[in-house]
Amino acid sequence: MKSYPIAKSRRVRSTPYTSRIEKQGVTAYTVYNHMLLPAAFGSLEESCDHLKKNVQIWDVAAERQVEISGKDAAKLVQLMTCRDLSKSKVGRCYYCPLIDENGNLVNDPVILKLAEDRWWISIADSDVIFFAKGLSSGNKFDVKIFEPIVDIFAVQGPKSFDLMEKVFGGKIKELKFFGFDYFTFNGAKHLIARSGWSKQGGFEIYVENTDSGLKLYDHLFEIGKEFNVRPGCPNLIERIESGLLSYGNDFDNNDNPFQCGFDKYIDLETDINFLGKDKLKKIKEKGIDRKLMGVQIDLTKILLTSSLDIKNNEGKIIGELRSACYSPHFKKVIGIAMIKEPYCKASSSGTIEIDGNSLALKVCDLPFI
């Protein structure tokens, strides 16, 4: 399939790191939160293998923040998510499905509690800021909502811990998963969280001081040669193998959190107030009619740009394939699909048509690894 360049404009914003990654060999972009997000640095397979063994630095500034502060900040943040944040702590990150009045997903951000009255919602790819402003206006909350100038870059991979220790000392290794703290570089404080969109371990650096952040970005490459540091980006193969879901690809506003396997982040038995709570109670009582599952196809390559129907042996549509890639680890195509009942079980099978060929498909649990 022919590729076309993305035309840069004010509507598709560059990041502070764009000029650097273009010199470092970025080969593809996607658009995420109206911003450039690197999608490849050459071979996805080779980059995935490198990520699993070494350390990469990612420009993920497209992971924008929605800051909510003020007297009613905690009320508004809780209203947006079905996860109980009543016992949340300052200095922690929380994975929180955001839902609307119908119980359907709006986004699945990581929420950082900076203070009792100040929160960052680190969003996936949808306009959460307008959702928050609408809820605030309708409820007459006393809050301030805006997008702060925060440009994240991530340090990911098993050697990320040693690389970051060279800069920040042993304290950086003491961060617990989904914890954050402030670390100083070049006279500026940076919020650093032990998080990232891979299962290989690492950190995300929330850069507010752009000048210091760029110097830190360059410094990590300068001192990281012994760890085989390279530029990288969220890797399609690694994230599908790990079962890391992508809003807009694997699920969207037509799906609810039970269908997406977010059960442990849904708190219906507490007194917290959130949008769509009654709808989710009814969905839980009735049971779901479909669920995100893994699938395997005996194929050596795939380029998926839209959903593909999955059928049973009688030709009835039983689901749709939403994301897929060739996995060198499994030596076949693996993917994430929304599968209807009663076929959303690991013992199920089906067929899918790709490039005019009808292929057997096996349903399996997530994650693959």
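Structure: see above.
Note that the structure is predicted; figures quoted are calculated from it, not measured.

Draft legend 1. Quick peek at the sheet that holds strand S10 (residues 144-146). Taken together, five strands build an open sheet; the order of strands is S5-S8-S9-S4-S10 and the sheet is antiparallel. Of all strands in the sheet, those bounded by a partner on one side alone are strand S5 (93-95) and S10. Strand-to-strand twist in this sheet, taken as the mean axis angle between neighbours without regard to direction, amounts to 20 degrees. The sheet contact formed by strand S8 (residues 110-115) and strand S9 (residues 118-122) spans five bridges and is antiparallel. Bridge pairing links Ala115 to Arg118 in S9. Strands strand S4 (65-69), S8, S9 and S10 of the sheet are contacted by helix H3 (residues 73-80), whose axis makes an angle of about 135 degrees with S4. Helix H4 (residues 128-139) rests against S4 and S10 of the sheet, and its axis sits at about 160 degrees to S10.

Draft legend 2. Layout of the packing of helix H5 (residues 160-168) against helix H6 (residues 210-223). The N-to-C vectors of H5 and H6 enclose an angle of 115 degrees; their axes lie 10 Å apart at closest approach. In terms of crossing hand, the pair formed by H5 and H6 is right-handed. Along its contact with H5, which presents Leu163, Met164, Lys166, Val167 and Phe168, the element H6 presents Leu216, His219, Leu220 and Ile223. Residue classes in the contact of H5 with H6 are distributed as seven nonpolar, one polar and one charged.

Draft legend 3. Spotlight on the packing of H3 against H4. The geometry of H3 relative to H4 is characterised by a closest axis approach of 10 Å and an angle of 120 degrees between their N-to-C directions. Put simply, H3 runs oblique to H4. The hand of the H3/H4 crossing is right-handed. Note on element contacts: H4 touches H3 through Val128, Phe131, Ala132, Leu135, Ser136 and Asn139, opposite Leu76, Leu79 and Met80. For the contact of H3 with H4, a count of residues per class yields seven nonpolar, two polar and no charged.

Calculation notes
Residues numbered from 1 in each chain as written. Predicted model: local features only at pLDDT ≥ 70, side-chain atom pairs only at ≥ 80, totals over all residues. Heavy atoms only, no water. Pairing = 2+ DSSP bridges. Helix = DSSP H or I, 4+ residues; strand = E, 2+ residues; numbered from the N terminus. Axes fitted to C-alpha atoms, helices over the stretch in contact; angles between N-to-C directions. Contact = heavy atoms within 4.5 Å. Left-handed = near helix turned anticlockwise from the far one by under 90°. Nonpolar A, V, L, I, M, F, W, Y, C, P; charged D, E, K, R; others polar. Parallel < 35°, antiparallel > 145°, perpendicular 65-115°, else oblique.

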